[in-house]
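# Topology and contacts: notes
As a plain string of letters, each chain reads:
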Amino acid sequence: MTASAGTSITAEPYPFVLDPAHCALVIIDMQRDFLEPGGFASALGNDVAMLRRTVEPNRKLLAAWRAAGLLAIHTREGHRPDLADLPPAKKVRGHGAITIGDEGPMGRILVRGEAGHDIIPELYPAPGEPVIDKPGKGAFFATDLHAILQNRGITQLVVTGVTTEVCVNTTVREANDRGYDCLVLEDCVGSYFQAFQDAGLAMIRAQGGIFGWVGTSSDLIAAIAPIEQTPALKGAA
Ligand code: TIU
C-alpha cells in the first residue's frame, strides 16, 4: 500500500480518503495557558489532565507528519498587547477574577508574546510551519488561514488540539462551510468536560458526517508511514 491520493483511513461515519498532497494538519491552540498546570485554565479550576492526554498522541502524529513531508499548521488563541482586537463582551465573559489581558500565572492572559500564550514545548512549531494567531474561537475568523490553505492547494484538513467543543468544533464548522473535508482525531482532541468531548465528536460525525469525519491518530500514522519510507511519494498527488 502507498499513501498516494486515495488512501482510505478508518473513520466514522465512513472511511476518510486521504489525499496527502492536498491535506494539512491543523493543530488548534495547544497553548501553555490551556494545558500546563499553573496556567490560566488550571488557575480557573479546570483539570488540565483532561487536555494533557492529547499531548503524546499529537507529538507522535506531528513527528510522523513532518517525516512524511506534509504541511503542518499551528494556531494560537490570543490578542494584541493593546487589546484593540478584544471584544468587550469576550473580556468580561465569565466574570472571572482574572480575565484576558490581566496578569496571570504565565504573563498576561491570552496576549501575544506572553509565555502562557505560546505553544507547549512538546508541539512547538518547526521553522517554516505557519502559525496562525487568531482572536476568536474559529481559526478562519480574522486570520489568513484560508488564503494560506488555498495558495497551497489544500482541500482536506486533519484537525487536532483543544478544546473539542470550542475551538476545534468552531474551526471544523468554519472549514466545512468553506469546502474543506475535515478529519478530527479523537485521541488528539481534548475537553475539560468528558460530556462535551463525547458530544463534540458526535456532532461532527452525525448525519452522515455533517461536519466531517472522526478517526484516530494510529490509523492516520499507519496510512502516512509509506510516504516516509518512499521519498519519491512526498508531495506527490
Ligand atoms: N482554544 C479554545 O478552545 N479556547 C477556549 O477558550 N476553550 C475553552 O474550552 N474555554
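Our subject is the structure listed above.
In what follows, the accompanying structure is described. Values in this document were obtained by computation on a predicted structure and should not be read as measured data. (Residues numbered from 1 in each chain as written. Predicted model: local features only at pLDDT ≥ 70, side-chain atom pairs only at ≥ 80, totals over all residues. Heavy atoms only, no water.)

## Considerations on the sheet that holds strand E9 (residues 181-190)
So the rule is basically this: Only when DSSP finds a minimum of two bridges between them are two strands counted as paired. In this text, helices come from DSSP runs of H or I with a minimum length of four residues, and strands from runs of E with a minimum of two, each type numbered from the N-terminal end. Each axis is a line fitted through C-alpha atoms, and for a helix only the stretch in contact is used; angles between axes span 0 to 180 degrees, taken between their N-to-C directions.
Taken together, 6 strands build an open sheet; the order of strands is E7-E4-E3-E8-E9-E10 and the sheet is parallel. Every interior strand has two partners, whereas the edge strands, strand E7 (131-134) and strand E10 (213-215), have only one. Across the sheet, the mean angle separating the axes of adjacent strands is 25 degrees when strand polarity is ignored. Both strand E3 (residues 23-28) and strand E4 (residues 71-77) contribute to a ladder of 5 bridges, which runs parallel. Each bridged residue has a counterpart across the sheet, and for Ile28 the counterpart in E4 is Thr75.

## Here we look at the pairing of E3
Note the following rule: Three labels apply to residues, based on accessible area from a 1.4 Å probe with only protein chains included: buried if under 20% of the type maximum, exposed if over 50%, partly exposed otherwise in between.
Taken across its 6 residues, E3 has 6 buried, putting it largely inside the fold. Burial along E3 is two-sided: the residues Cys23, Leu25 and Ile27 and Ala24, Val26 and Ile28 are all buried. Examined bridge by bridge, E3 and strand E8 (residues 156-162) share 6 bridges and lie parallel to one another. Within E8, the position partnered with Ile28 by the bridge is Gly161.

## Things to note about helix H8 (residues 194-209)
The α-helix winds at 3.6 residues per turn, so residues separated by three or four positions along the chain end up facing the same way. The criterion, for reference: In this scheme, a helix's expected span is set at 1.5 Å multiplied by one less than its residue total. Bend angle per residue: angle between axes fitted to the 7 residues ending at that residue and the 7 residues starting there. Whether two residues touch is decided by their heavy atoms; if any such pair falls within 4.5 Å, the residues are in contact.
For H8, spanning 16 residues, the distance from its first C-alpha to its last is 21 Å, which sits close to the expected 22 Å at 1.5 Å a residue. Along H8, the sharpest change in direction is near 35 degrees and occurs at Ala202. Along H8, the residues classified as buried are Gln197, Gly200, Leu201 and Ile204. Buried residues belonging to H8 abut helix H7 (164-177), E9 and E10.

## Section: the site of the ligand
The cut-off we apply is this: What makes a residue near a molecule or strand is one non-hydrogen atom of that residue sitting within 4 Å of it. Counting of polar contacts relies on pairs of N or O atoms within 3.5 Å, with two restrictions inside protein: one atom must be capable of donating a hydrogen and the other of accepting it, and residues adjacent in sequence are counted only when both atoms are side-chain atoms. Surface accessibility follows the Shrake-Rupley procedure with a 1.4 Å probe radius. Residue values consider only the protein chains on display as shielding. The nonpolar class holds Ala, Val, Leu, Ile, Met, Phe, Trp, Tyr, Cys and Pro. Asp, Glu, Lys and Arg form the charged class, and all remaining residues, Gly among them, are polar.
Every residue lining the ligand is accounted for by Asp29, Phe34, Glu77, Lys137, Val162, Thr163, Val166 and Cys167. Between the ligand and the protein, one listed contact pairs a nitrogen atom with a side-chain N or O atom of Glu77 at 2.9 Å. Between the ligand and Lys137, the relevant distance is 3.1 Å, taken from an oxygen atom to a side-chain nitrogen or oxygen of the residue. Calculation on the ligand without its partners gives an accessible area of 280 Å², and the protein chains cover 81% of this total. Each residue belonging to the shell around the ligand can be placed in one class, and the counts come to 4 nonpolar, 1 polar and 3 charged.

## Focus: the pairing of E9
We count it as follows: Assignment of crossover handedness uses the view with strands pointing away from the viewer, where a clockwise path from the first strand over the helix to the second indicates a right-handed crossover.
By the criterion of burial, E9 is predominantly enclosed, with 7 of the 10 residues buried. Looking at chain direction, E8 and E9 are connected through 6 bridges and run parallel. Opposite Gly161, over in E9, you have Val189 as the bridge partner. Tracing the backbone out of E8, into H7 and back to the parallel element E9 gives a crossover that is right-handed. In the sheet, E9 pairs with E10 via 3 bridges, with the strands oriented parallel. Each residue of the ladder has a partner; that of Leu183, found in E10, is Trp213. After leaving E9, the chain enters H8 and then returns to the sheet as E10, a path that is right-handed.

## Comments concerning the packing of aromatic side chains
Convention followed: Ring pairs shown here join Phe, Tyr and Trp side chains whose ring centres sit within 6.5 Å, with only the six-membered ring taken for Trp; geometry is labelled stacked below 30 degrees between planes, edge-to-face above 60, and tilted in between.
Evaluated as defined, the whole model comprises 4 aromatic pairs. Between Tyr14 and Trp213 the ring centres are 5.6 Å apart and the planes differ by 80 degrees, which places this aromatic pair in the edge-to-face class. Here Trp213 lies in strand E10 and Tyr14 lies in the loop between strand E1 (7-9) and strand E2 (16-18), a separation of 199 residues in the sequence. Seen in terms of ring centroids, Phe16 and Trp213 are 5.1 Å apart; in terms of plane orientation they differ by 80 degrees. Their pairing is edge-to-face. Taken together, the positions of Phe16 in strand E2 and Trp213 in strand E10 put the pair 197 residues apart, joining distant regions of the chain. Just as Phe16 is buried, Trp213 falls in that class too. Here the aromatic cluster, defined as three or more aromatic residues joined through ring pairs, consists of Tyr14, Phe16 and Trp213.

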